[in-house]
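Structural characterization, general
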Amino acid sequence: MNFGIDCQLLKGLIITKIVIKIGTSTLAHPSGHLNIRHIEHLCKVISDLKNAGHEIIIVSSGAIGMGVGKLGLKGKPTDIETKQAAAAIGQCELMYTYDKLFNEYNHNIGQILITAPDVEDEKRRHNFENTLFRLLELDVIPIINENDTVSVEEIEIGDNDTLSAIVAVSVKADLLVLLSDIDGLYTADPHLDSNAQIISVVKEITPEIEKLGGGKGSSLGTGGMVTKIHAAKIATKAGTDMIITNGNNPEILYDIVDGKTIGTRFESR
Ligand code: GLU
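Residues numbered from 1 in each chain as written. Predicted model: local features only at pLDDT ≥ 70, side-chain atom pairs only at ≥ 80, totals over all residues. Heavy atoms only, no water.

Inspection of the region around the ligand gives ten residues, with A63, I64, N145, D148 and N160 positioned closest. Here A63 contributes a backbone N or O atom positioned 3.0 Å from an oxygen atom of the ligand. Between the ligand and D148 there is a distance of 2.7 Å, counted from a nitrogen atom to a side-chain nitrogen or oxygen. Its free accessible area being 300 Å², the ligand has 96% of it covered by the protein chains. (Near = heavy atom within 4 Å. Polar contact = N/O pair within 3.5 Å; in protein donor to acceptor, adjacent residues only side chain to side chain. Areas by Shrake-Rupley, 256 points an atom, 1.4 Å probe, with all protein chains shown as cover.)

What follows is the structure in structure tokens.
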């Protein structure tokens, strides 16, 4: 169903266009095997949000991680060819799983894989955006990832936090939600400092906020807090609020669309 208007009131409900970035740590166990409970629950909640009229675009990581799981590798490959091969295998598993689960709720999905030149070159970006908008018009859930199978350093976007912010800007999303294995941005590294407090709202990304971005992400993913703050800069500058929250409990997506304070919200200018 296409409502034709980005944000409107329908029976008291605000219809929003939301980009949801799902990190590898949410989709897969540390072994790289699928986290069935998380992915099933996520697809159910996202389907319900779509049924309620929200427009959803997914940016999904997990290709390399799932390839690692399927091949039984000991960890994330360090050489580019094995990384590309793992992504080729894992991306199939990922899309097969999404297709199967969203199908249960009568939703269609469409895959888009891109690298940096697809969004840096004006003509190519236009082509990418045309596909994205048409998928939304057709009531399909676009699922986007970097094209890791051909991606090398010179042409990579590099991490899906940044990619999801680029997508949010392209579709003029109302909200970008990063689902990760951390509850939000803390006043200090919560693994090292037991007094660390979650910061609920960031109104401006100051150098102090940027300094809180230290530390790295999960063993199979790419980003960490640094790439999330970078994504927040891109999104908020273009007028999209961004939330970092934990993907362990997909039900919080309901609270987020209800406007409740969850995780850390970076307010757009
Ligand atoms: N594109 C990578 C993958 O699907 C993930 C990148 C990231 O974790 O940010 O494995």
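Ranked by size, the top nonpolar core spans 39 residues in total, and within it V19, I144, V167 and F266 carry the most contacts. Residue assignment for this core shows that the elements contributing at least two residues are β4 (55–60), β5 (109–114), α6 (122–137), α7 (160–170), β7 (175–180), α9 (225–237) and β9 (241–246). Counting 31 residues, the second-largest nonpolar core is a separate cluster that includes I22, V45, V177 and I252. (Core = buried A, V, L, I, M, F, W, Y, C linked by side-chain atoms within 4.5 Å. Buried < 20%, exposed > 50% of the residue type's maximum accessible area, 1.4 Å probe, protein only. Helix = DSSP H or I, 4+ residues; strand = E, 2+ residues; numbered from the N terminus.)

Let's shift gears to the packing of aromatic side chains. Applying the stated rule across the entire model yields one aromatic pair. Seen from their ring centres, Y98 and F102 are 6.2 Å apart, and the 20° between their planes marks the pair as stacked. With Y98 and F102 both in helix α4 (residues 80–104), this residue pair falls four residues apart, about one helical turn. One exposure class covers both Y98 and F102, and it is buried. (Phe/Tyr/Trp six-rings, centres within 6.5 Å; stacked < 30°, edge-to-face > 60°.)

Spatial ordering of the open sheet is given by β5-β6-β4-β3-β7-β9-β10-β8, a layout of eight strands whose pairing is mixed. Strand pairing shows two members of the sheet lacking a second neighbour, β5 and β8 (201–202), which therefore form its edges. As defined by bridge partners, β8 adjoins strand β10 (residues 264–266) across two bridges and the pair is classed as parallel. Within β10, the residue paired with V202 across the bridge is F266. (Pairing = 2+ DSSP bridges.)

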